[in-house]
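Now for the letters of each chain:
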Amino acid sequence: MFVAIGNTPRDYPWGSTTAIAEFRGVEPSGEPEAELWLGAHAGSPAKIRDAASVGHADLAAWIAADPHGALGPALAARGARLPFLLKVLAAAAPLSLQAHPTPEQARAGFAREEASGIPLTAYDRNYRDPFHKPELLVAVSETFDALSGFRPLAEVHGLLGVLRAADAASSTPDQGALDLLAEHLSGDEPLRETVEWLLRDGRGGDTGEAAWVTERVTALAASDTAGRSEYALSFETVGSLAAAYPGDPGIVISMLLNRVRLRRGEALYLAAGNIHAYLSGLGVELMAASDNVLRGGLTPKHIDVPELLDVLDFTPMAPPRLEPERAGAGVVAYRPEVPDFVLYRAEPGADAAEVPLAGPAIVLAEGGELRVRGAHAEASLSRGDALYATPDEGSLEIRGAGIAWVATTGDSAASAG
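Residues numbered from 1 in each chain as written. Predicted model: local features only at pLDDT ≥ 70, side-chain atom pairs only at ≥ 80, totals over all residues. Heavy atoms only, no water.

Now for the sheet that holds strand 12 (residues 325–328). In space, the 8 strands of this open sheet follow the order 3-1-19-16-21-14-13-12, with antiparallel pairing throughout. Pairing within the sheet leaves two strands with one partner each, and these edge strands are strand 3 (47–48) and strand 12. Two strands pair when backbone bridges link them, and strand 14 (residues 342–346) and strand 21 (residues 403–408) are joined in this way by 5 bridges, in the antiparallel orientation. Bridging across to strand 21, Leu 343 finds its partner in Ala 407. (Pairing = 2+ DSSP bridges. Helix = DSSP H or I, 4+ residues; strand = E, 2+ residues; numbered from the N terminus.)

In structure tokens, the structure reads:
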């Protein structure tokens, strides 16, 4: 069964005023449009275009009323829950630094906060459900910029060296702030100790040290010395973050992280514990359906420093790019390490593109007209249109001049969350 779905973009202030509208082929609203949600998440469930076709107005209500029919028997046996959420995300300004828990951390944290009686909507609530929230993002714009994962320590010290050179060349040299930062980076657990110090001191502990370091780093990052260095993009990011979040300790934390620039079609996979922030660009994002976010800077929202430190993976790493696999003529698959979701990008040529389904799916059209056919149903999609496919369709045959983004479950429909 195919069910046409749609939604209204979320108007978070960091969103682009044009990118999602252009993707959908509609007139911009004039307001920020940050995310278009296509799924059954309670925060913004996709609307069913023809409610009479299934007897419900949105995808969440239909799945709750008929999980066997909407999800298929295998997934329905595990509960009336679609395990993934597909989004179109358009960042015109940086998002907060954040990370997400493992399944075990999510279950324990949710149970702990429920037992403590913390309301789900409370400002200081960390765990709003018992599920993990791994994320996959594929760049749709020509470039998509992000911070993701702690960079190798040699690079961190390389950035610090450039700042020392910039300080020495300045009209008012003062190495004190850089010495203080270097001292924290020389401990037994340098990344953890530095992040903890910056967040505790910079958000209330407040000796003024973190503020001093943040101010000095921001000034030196704007220097010609920094701009000519191999880390110029990281220093440029310091400047843009300082403009958006002046004085925030996340500005300094950004230098500890990989600065990533994706090209169109390239992907990041953000596993549990990965600290990240999207900076700018348009992307298709697929994630486990959860609200569990631990923030780590660049935000006025609640930061639970002890819980964040428990969740973060401080292991230095290369940028966590996910290479697509060829899955057939005109089809690539972005297949992460979790069973909750797989994302296909299908671009038909003279022949149809074939996309296998392991469970229910959401199909989103980019560009030109598409014709989608399953075992029982057939539908046409124009630019920006979306449909929900029940798993009994088996596989999808896609023809036309556009691109189909197909989100579905992994080979095992069991959620890791």
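Alright, that's what it looks like, and here's the rest.
The next thing to look at is helix 9 (residues 209–221). Given 3.6 residues per turn, any residue in an α-helix points the same way as the ones three and four places further on. Its 13 residues give helix 9 an end-to-end C-alpha distance of 18 Å, which sits within 8% of 18 Å, the value for a rise of 1.5 Å per residue. When we look at burial in helix 9, the residues that qualify are Ala 210, Val 213, Thr 214, Arg 216, Val 217, Leu 220 and Ala 221. (Expected span 1.5 Å × (residues − 1). Buried < 20%, exposed > 50% of the residue type's maximum accessible area, 1.4 Å probe, protein only.)

What follows covers the environment of Gly 149. By the element assignment, Gly 149 lies in strand 7 (residues 143–150). Linking Gly 149 and Leu 256, residues 107 residues apart in sequence, is a C-alpha distance of 8.5 Å. The residues touching Gly 149, leaving out its near neighbours within four places in the chain, are Leu 256, Leu 257, Asn 258, Asn 274, Ile 275 and Met 317. (Contact = heavy atoms within 4.5 Å.)

Attention now moves to the environment of Tyr 127. Along the chain, the position of Tyr 127 falls in the loop between helix 5 (103–115) and strand 6 (135–139). C-alpha of Tyr 127 to C-alpha of Leu 185: the two residues are 58 residues apart in sequence and 31 Å apart in space. Discounting residues that sit within four places of it in the chain, Tyr 127 has contacts with Pro 101, Gln 105, Ala 106, Gly 109, Phe 110, Arg 112, Glu 113, Leu 120, Asn 292, Leu 294, Glu 307 and Val 311.

Where helix 6 (residues 153–168) meets helix 7 (residues 176–184), the axes come as close as 10 Å, and the angle between the chain directions of the two elements is 165°. One way to sum up the angle between helix 6 and helix 7 is to call them roughly antiparallel. Every pair of crossing elements has a handedness; the one defined by helix 6 and helix 7 is left-handed. Each of Leu 160, Leu 163, Arg 164 and Asp 167 in helix 6 lies in contact with helix 7, whose residues at this interface are Leu 178, Asp 179, Leu 181 and Ala 182. Classifying every residue of the contact of helix 6 with helix 7 by side-chain character gives 5 nonpolar, no polar and 3 charged. (Axes fitted to C-alpha atoms, helices over the stretch in contact; angles between N-to-C directions. Parallel < 35°, antiparallel > 145°, perpendicular 65-115°, else oblique. Left-handed = near helix turned anticlockwise from the far one by under 90°. Nonpolar A, V, L, I, M, F, W, Y, C, P; charged D, E, K, R; others polar.)

So, on to helix 11 (residues 232–244). For helix 11, with 13 residues, the first-to-last C-alpha span of 19 Å sits near the 18 Å given by 1.5 Å per residue. Turning to helix 11, its buried residues are Ser 234, Phe 235, Thr 237, Val 238, Leu 241 and Ala 242. All buried residues of helix 11 fall inside an arc of 150° around its axis, so they share one side. Away from the buried face of helix 11 by more than 90 degrees, exposed residues Glu 236 and Ala 243 are located. (Arc of directions from axis to C-beta.)

Summed over all chains, the structure comprises 4 aromatic pairs. The ring of Trp 37 carries the charged tip of Arg 10 above its face, separated from the ring centre by 4.6 Å. Positioned over the ring face of Phe 131 is Arg 81, at 3.5 Å from the centre of the ring. (Phe/Tyr/Trp six-rings, centres within 6.5 Å; stacked < 30°, edge-to-face > 60°. Lys NZ or Arg CZ within 6 Å of the ring centre and 35° of its normal.)

For the structure on display, the rule yields 19 salt bridges. Glu 378 is the partner of Arg 371 in a salt bridge, and the nearest nitrogen-oxygen pair spans 3.0 Å. On the basis of relative accessible area, Arg 371 is assigned to the partly exposed category, the value being 34%. Each of Glu 113, Glu 114 and Arg 125 takes part in one network of salt bridges that share partners. (Salt bridge = Lys/Arg side-chain N within 4 Å of Asp/Glu carboxyl O.)

Another point: the nonpolar core. The tendency in soluble globular proteins is for nonpolar side chains to be buried as a group. Counting residues in hydrophobic clusters, the biggest one holds 53 residues, and the most contacted among them are Phe 150, Leu 181, Val 217, Phe 235 and Met 255. Ranked by residues supplied to this core, first place goes to helix 6 with 6 residues. Those residues in contact with Phe 150, other than ones at most four positions away along the chain, are Leu 191, Val 195, Leu 256, Leu 257, Asn 258, Ile 275, Leu 312, Asp 313, Phe 314, Thr 315, Pro 316 and Met 317. In this structure, Leu 59, Ala 70, Val 88 and Val 338 belong to the second largest nonpolar core, which totals 43 residues. (Core = buried A, V, L, I, M, F, W, Y, C linked by side-chain atoms within 4.5 Å.)

Now for the sheet that holds strand 20 (residues 395–400). Read from one edge of the open sheet, 4 strands run 15-20-17-18, paired in antiparallel fashion. Strands at the two margins of the open sheet, each flanked by one partner only, are strand 15 (353–356) and strand 18 (378–381). Neighbour-to-neighbour, the strand axes of the sheet open up by a mean angle of 20°, direction not taken into account.

We now examine the side chain of His 41. Relative to the assigned elements, His 41 resides in the loop between strand 2 (35–38) and strand 3. Polar side-chain contacts of His 41 include one of 2.8 Å to the backbone nitrogen of Gly 43. Within polar-contact distance, the side chain of His 41 engages the side chain of Asp 291 at 3.2 Å. Excluding its chain neighbours within four sequence positions, the residues that come into contact with His 41 are Leu 85, Ala 289, Ser 290 and Asp 291. (Polar contact = N/O pair within 3.5 Å; in protein donor to acceptor, adjacent residues only side chain to side chain.)

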